[in-house]
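Summary of the model geometry
Now for the letters of each chain:
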Amino acid sequence: MTGLAEKLQLSELSLSFILPEIILAIGIVLLVFTILFKPSTRKPVAWTISFLCIILSIVLILSKLSSHLNPIYLFHGQLVQHAPALLFILVCDVAMLIGLFMSLPYIQKDENVFLILLLSILLGCHLLCLSANWLIFFISLELIAIPGYLLAAFQKEKKNFEASIKYFVFGSFISALMLYGISWLYGITGTFNFYDAAFNEQIQLNQHAMLFIAVCLLLGGLLFKINVAPAHAWAPDVYEGAPAQVVAILSVVPKIAATGALLFVCYHIQTRYGVRLSVLIAYLSLFTLLVCNLSALRQKNTRRMMAYSSIAQSGFLLMAILNFDLQNLPVVLFYSIVFVLGNYCV
């Protein structure tokens, strides 16, 4: 009983460190209840709740950045809060806030559903950057992906449904591969926690090809979110068929969170466990730049051309994290901020 009481006490203490995520979750629940409101009052209430939740999240993250820089392990190591993760989360929050301002004049119906999906994506981005457990890592990616499938068909037109189905099919395939890679890693290491010492020991004892294949399958989900070739085939169709406001957000916020998660995961695997991924990431970066820029030249549809341009930016993001060194974090963040502003201005 003493051990259980200590665990509960630690869990309660951990709750105080994830207030931004709790606020977003409360905002999602409140938005669900706005469905009961009259249409004339539903829109201002729903938008006010969304803006307040994101602004509060930004304020709390800024306060955390000013108060501590050392990693804090939450919920018995399931989540890890550290300064680089908070910086990526901050960029995601600001990008989502700008995206909401841009969407405000255009979303005239089902705004509560639209905002629920956006806050769900943002919550998934938060958890993805903080995750230290493969299962939470996978669930966070799905929390980002599933609302994205629905947003792609938000206008309920034929081309929107086609884009959503393509997005769903590619996403489901990548999720299956990623889950298969996680199962391999669990079989090799015996733990889901990639910050755990046992994970470190088993990786060092099992340096073989299966480990590298498992890591590649695992990272496939992140590369899909970043739109890295060859996992980019869904993006031009989605960008062409989905509403412009949805495209602006989906092309920025999940990509930034996935880039941060890729940097953190590869940092631990590369520096601690000796799995060489730099060459693979370098080839993917060059392949993405080459294929997408050449493909953009052949496009006659403006939105498809911009889609390939956005995908090509993923190659530059990968270049910034090639050596998986957190000292490159200012470069990655600077490029992410420029990418957000440039993408929204276009």
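Residues numbered from 1 in each chain as written. Predicted model: local features only at pLDDT ≥ 70, side-chain atom pairs only at ≥ 80, totals over all residues. Heavy atoms only, no water.

This part covers the overall build of the protein chain. Within the protein chain, the regular secondary structure consists of 15 helices and two strands. Taken against the 2.2 N^0.38 rule, which gives 20 Å for 346 residues, the C-alpha radius of gyration of the protein chain at 20 Å falls within 12% of a compact globule. Referenced to the eigenvectors of the C-alpha coordinate spread, the extents of the protein chain come out at roughly 60 × 55 × 35 Å. Taking all 346 residues of the protein chain together, the buried fraction comes to 53%. Taking as baseline every contact in the protein chain between residues at least 6 positions apart, the subset at least 24 positions apart corresponds to 78%. Summing over all exposed atoms, the protein chain offers an accessible surface of approximately 15,300 Å²; the carbon and sulfur share of this is 70%. Here the protein chain carries 18 positive and 14 negative side-chain charges, and the mean point of each set is 12 Å from the other. (Helix = DSSP H or I, 4+ residues; strand = E, 2+ residues; numbered from the N terminus. Rg over C-alpha atoms; globule rule 2.2 N^0.38 Å. Buried < 20%, exposed > 50% of the residue type's maximum accessible area, 1.4 Å probe, protein only. Contact = heavy atoms within 4.5 Å. Areas by Shrake-Rupley, 256 points an atom, 1.4 Å probe, with all protein chains shown as cover. Lys, Arg positive; Asp, Glu negative; His and termini not counted. Charge placed at Lys NZ, Arg CZ, Asp CG, Glu CD.)

Here the focus is helix H9 (residues 209-226). The end-to-end C-alpha separation of H9 is 25 Å, in line with the 26 Å expected for 18 residues at 1.5 Å each. The largest bend in H9 comes to about 35 degrees, at Gly-220. With 13 of 18 residues buried, H9 is to be regarded as a mostly interior element. Positive backbone phi, approximately 65 degrees, marks Asn-227, located one or two places after H9. (Expected span 1.5 Å × (residues − 1). Bend = angle between axes of the 7 residues up to and from the residue.)

Here the focus is the packing of aromatic side chains. As enumerated under the stated definition, the model contains eleven aromatic pairs in all. Where Trp-134 meets Phe-194, the ring centres are 4.2 Å apart and the plane angle is 35 degrees; that geometry is what we call tilted. Residue Trp-134 is located in helix H6 (residues 134-152), and its partner Phe-194 is located in the loop between helix H7 (158-189) and helix H8 (197-205); the two are separated by 60 residues in the primary sequence. As far as the burial class goes, Trp-134 and Phe-194 line up, both buried. Between the aromatic rings of Tyr-149 and Tyr-167, the centroid separation amounts to 4.9 Å while the plane-to-plane angle is 90 degrees, which identifies the pairing as edge-to-face. Taken as a pair, Tyr-149 in helix H6 and Tyr-167 in helix H7 lie far apart in primary sequence, 18 residues in all. (Phe/Tyr/Trp six-rings, centres within 6.5 Å; stacked < 30°, edge-to-face > 60°.)

Running from amino to carboxyl end, helix H4 (residues 83-103) crosses helix H15 (residues 329-345) at an angle of 5 degrees, the nearest separation of the two axes being 11 Å. Judged by the inter-axis angle, H4 sits roughly parallel to H15. When H4 is examined against H15, the residues Pro-84, Leu-87, Phe-88, Val-91, Ala-95, Met-96, Ile-98, Gly-99 and Met-102 are found in contact with a partner set consisting of Leu-329, Val-332, Leu-333, Ile-337, Val-340 and Tyr-344. Classifying every residue of the contact of H4 with H15 gives 14 nonpolar, one polar and no charged. (Axes fitted to C-alpha atoms, helices over the stretch in contact; angles between N-to-C directions. Parallel < 35°, antiparallel > 145°, perpendicular 65-115°, else oblique. Nonpolar A, V, L, I, M, F, W, Y, C, P; charged D, E, K, R; others polar.)

On to helix H14 (residues 302-320), then. The terminal C-alpha atoms of H14, which comprises 19 residues, lie 28 Å apart, in line with the 27 Å expected from a rise of 1.5 Å per residue. Inspection of H14 places Arg-304, Ala-307, Tyr-308, Ser-310, Ile-311, Ala-312, Ser-314, Gly-315, Leu-317, Leu-318 and Ala-320 among the buried residues, and these make up the whole buried set.

This next bit is on the environment of Ile-269. Mapped onto the fold, Ile-269 is located in helix H12 (residues 253-273). Separated by 69 residues in the primary sequence, Ile-269 and Asn-200 place their C-alpha atoms 8.7 Å from one another.

Counting 117 residues, the largest nonpolar core has Phe-88, Phe-114, Trp-134, Phe-137, Leu-222, Val-253 and Leu-262 as its most contacted members. For this core, the element with the most residues is helix H5 (residues 111-130), which contributes 13 residues. Here Phe-114 is in contact with Trp-47, Ser-103, Ile-107, Leu-151, Phe-154 and Val-246, once residues within four sequence places are set aside. (Core = buried A, V, L, I, M, F, W, Y, C linked by side-chain atoms within 4.5 Å.)

Right, let's get into unusual backbone geometry. Positive phi outside glycine occurs at Phe-75, with the angle close to 50 degrees. Positive phi values are uncommon outside glycine, yet Asn-227 reaches one of about 65 degrees. The topology assignment puts Asn-227 in the loop between H9 and helix H10 (234-241). Judged by relative accessible area, Asn-227 falls into the buried class, the value being 1%.

Another aspect to go through is the packing of H6 against H9. Their axes nearest at 11 Å, the elements H6 and H9 cross at an angle of 25 degrees. Taken together, H6 and H9 sit at an angle that is classed as roughly parallel. The chirality of how H6 crosses H9 is left-handed. Across the interface between the two elements, Trp-134, Phe-137, Leu-141, Ile-144 and Ala-145 of H6 pack against Leu-218, Gly-221, Leu-222 and Lys-225 of H9. Split into classes, the residues belonging to the contact of H6 with H9 amount to seven nonpolar, one polar and one charged. (Left-handed = near helix turned anticlockwise from the far one by under 90°.)

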